[in-house]
Amino acid sequence: GENVEQHPSTLSVQEGDSAVIKCTYSDSASNYFPWYKQELGKGPQLIIDIRSNVGEKKDQRIAVTLNKTAKHFSLHITETQPEDSAVYFCAASINFNKFYFGSGTKLNVKP
Amino acid sequence: DTEVTQTPKHLVMGMTNKKSLKCEQHMGHRAMYWYKQKAKKPPELMFVYSYEKLSINESVPSRFSPECPNSSLLNLHLHALQPEDSALYLCASSQASGLNNEQFFGPGTRLTVL
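Along each chain, residues carry numbers from 1 onward, in the same order as the chain's sequence is written. All chains are assigned letters beginning with A, and all ligands numbers beginning with 1, in the order in which they are written. Reporting in this predicted model follows two pLDDT cut-offs: at least 70 for local features of residues, and 80 or more for side-chain atom pairs to be given and counted; totals over whole chains, interfaces and linings ignore these cut-offs and use all residues. Each side-chain value is derived from all of the structure's non-hydrogen atoms; neither hydrogens nor water enter the calculation.

(A) Examining the packing of aromatic side chains more closely. By convention, a stacked pair of Phe, Tyr or Trp rings (six-membered ring in the case of Trp) has centres within 6.5 Å and planes under 30 degrees apart, an edge-to-face pair has planes over 60 apart, and any other such pair is tilted. Going through the model one piece at a time under the given rule, you end up with 14 aromatic pairs over all chains. With centroids separated by 5.3 Å and ring planes inclined at 85°, the aromatic side chains of Y36 of chain A and F105 of chain B adopt a geometry described as edge-to-face. Taken together, the residues span two chains, with Y36 of chain A in strand 4 (residues 32-38) and F105 of chain B in strand 10 (residues 104-105). In this pair, the class of Y36 of chain A matches that of F105 of chain B, namely buried. Between F101 of chain A and Y35 of chain B, the aromatic rings sit 6.0 Å apart at their centres with planes inclined by 80°, giving edge-to-face as the arrangement. Separated into two different chains, F101 of chain A in strand 10 (residues 99-101) and Y35 of chain B in strand 4 (residues 31-37) make up a pair that spans both. Numbering of helices and strands runs from the N terminus, with a helix taken as a DSSP run of H or I at least four residues long and a strand as a DSSP run of E at least two residues long. Partly exposed residues are those whose accessible area sits between 20% and 50% of the maximum for their type, while under 20% is buried and over 50% is exposed, using a 1.4 Å probe and protein chains only.

Written out as structure tokens, the structure reads:
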């Protein structure tokens, strides 16, 4: 089956700096790549997603890039704010009902 | 309404108890999911229902029994659980077909098995 690896496991940045989280996947058939943010005591919330026919997608301070050849995708958060502090999960999906999640990155934005 | 609701928020049960977790969505989604999440780990898929039929069972022990009584409701019946089943149980929903497959998660039920 699909295997998704996520790095780093923890990331600490100063407010206003950028944060980058990277994921690799193993199955070239994966075609959908969502990113979820999970705050303490809450369920995961989708923040951005990308499909395999697109190389980059941006939504305000958040962007995702996908390199199908290398089988990796990355989350970029610019101008980080304390409220960006949370655990971020990447995922890959081959069919639309099953997600393979990465192990998570705990992002800490220091004011 | 873009919300998935789950009840109860917290549940403490003994190993001999029978309890149920409930999930509800009114987004017209025809796929619903149960996930289990242990602390500091990603969600693990347990079950998927598509058009009210069980389509994926990730080899979950029979002490967990899912039920989808209609397109808006999803239940998870619990019986004879073990302490290691203590976790956050998340429900999610999505479109069942087509390209729009964003999964909307509920806030979860925090389950403690004594």
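(B) Expanded view of the state of the cysteines. Residue and element names in this part refer to chain A. Disulfides are defined as pairs of cysteine sulfur atoms found within 2.5 Å of each other. Under the criterion given, the structure shown has two disulfides over all chains. The side chain of C23 participates in a disulfide bridge whose partner is C90; the two sulfur atoms lie 2.0 Å from each other. Given an S-S torsion of about -100°, the disulfide between C23 and C90 has left-handed geometry. Within this pair, whereas C23 is found in strand 3 (residues 19-25), its partner C90 is found in strand 9 (residues 86-93), the two being separated by 67 residues in sequence. On the basis of relative accessibility, which here comes to 1%, the residue C23 falls in the buried class.

(C) Representation of the environment of E83 of chain A within the structure. All names here are of chain A. Assignment of secondary structure puts E83 in the loop between strand 8 (72-77) and strand 9. Remark: the alpha-carbon pair of E83 and P111, spanning 28 residues in sequence, is separated by 9.9 Å. Any two residues having at least one pair of non-hydrogen atoms within 4.5 Å are treated as being in contact. Setting aside residues no more than four positions away along its own chain, E83 makes contact with K37 and E39.

(D) The interface of chain A and chain B, seen in detail. Chain A puts 18 residues into the contact, and the matching count from chain B is 25 residues. Buried area is calculated as the accessible area (1.4 Å probe) missing from two parts once they are joined, with the contributions of both summed. Where chain A abuts chain B, roughly 1,700 Å² becomes buried across the two surfaces, and 53% of that area is made up of carbon and sulfur atoms. Any carboxyl oxygen of Asp or Glu that lies within 4 Å of a side-chain nitrogen of Lys or Arg is treated as forming a salt bridge with it. Linking chain A to chain B there are one salt bridge. The partner of E58 of chain B in a salt bridge is K98 of chain A, with the nearest N and O atoms 2.9 Å apart. Polar contacts here mean pairs of N or O atoms no more than 3.5 Å apart (in protein, one a potential hydrogen donor and the other a potential acceptor; neighbouring residues in sequence count only if both atoms are side-chain atoms). The interface formed by chain A and chain B contains three residue pairs in polar contact (both at pLDDT 80 or more). The element that contributes the greatest number of residues to the side of chain A that touches chain B is strand 4 of chain A, accounting for three residues. Of the residues belonging to the side of chain A that touches chain B, the class tally is eight nonpolar, seven polar and three charged. Residue classes follow a fixed rule: Ala, Val, Leu, Ile, Met, Phe, Trp, Tyr, Cys and Pro count as nonpolar, while Asp, Glu, Lys and Arg count as charged, and any other residue, Gly among them, counts as polar.

(E) A look at the pattern of salt bridges. Within this structure, the stated rule accounts for six salt bridges over all chains. Between K42 of chain A and E39 of chain A there is a salt bridge, with the nearest N and O atoms lying 4.0 Å from each other.

(F) Main features of the sheet that holds strand 3 of chain A. Residues and elements named next belong to chain A. What makes two strands pair is DSSP finding at least two bridges between them. Taken together, five strands build an open sheet; the order of strands is 1-3-8-7-6 and the sheet is antiparallel. Each end of this open sheet is capped by a strand with a single partner; those strands are strand 1 (4-7) and strand 6 (56-59). Each strand of the sheet is rotated relative to its neighbour by a mean of 15°, with strand direction disregarded. For helices, the fitted line uses only the C-alpha atoms of the stretch in contact; every axis is such a line through C-alpha atoms, and the angle between N-to-C directions lies from 0 to 180 degrees.

(G) Spotlight on the nonpolar core. Residues and elements named next belong to chain A. Ranked by size, the top nonpolar core spans 24 residues in total, and within it W35, F73, L75, Y88 and L107 carry the most contacts. Listed by contribution, the elements that provide at least two residues to this core are strand 2 (10-14), strand 3, strand 4, strand 5 (45-51), strand 7 (62-67), strand 8, strand 9 and strand 11 (105-110). For F73, the contacting residues outside a window of four places in its chain are I21, K22, C23, Y25, F33, W35, T65, L66, C90 and A91. For our purposes a nonpolar core is just a set of buried Ala, Val, Leu, Ile, Met, Phe, Trp, Tyr and Cys residues, chained together by side-chain atoms within 4.5 Å.

(H) Up close: the environment of L21 of chain B. All names here are of chain B. Inspection of the secondary structure puts L21 in strand 3 (residues 18-25). Put simply, L21 and P8 are 13 residues apart on the chain and 6.7 Å apart in space, counted from C-alpha to C-alpha. With residues up to four places along the chain from it excluded, the contact list for L21 reads T7, P8, L11, W34, L74, N75, L76, L78, Y89 and T109.

(I) Quick peek at the sheet that holds strand 7 (residues 64-70) of chain B. Residue and element names in this part refer to chain B. Within the open sheet, the four strands sit side by side as 1-3-8-7. Their pairing is antiparallel. What marks the edges here is a single partner per strand, and that holds for strand 1 (4-7) and strand 7. Across this sheet, the average inter-strand angle for adjacent strands is 20°, counted without regard to direction. The pairing of strand 3 with strand 8 (residues 73-79) spans seven bridges and is classified as antiparallel. Residue pairing for strand 8: L21 is matched across the bridge by L76.

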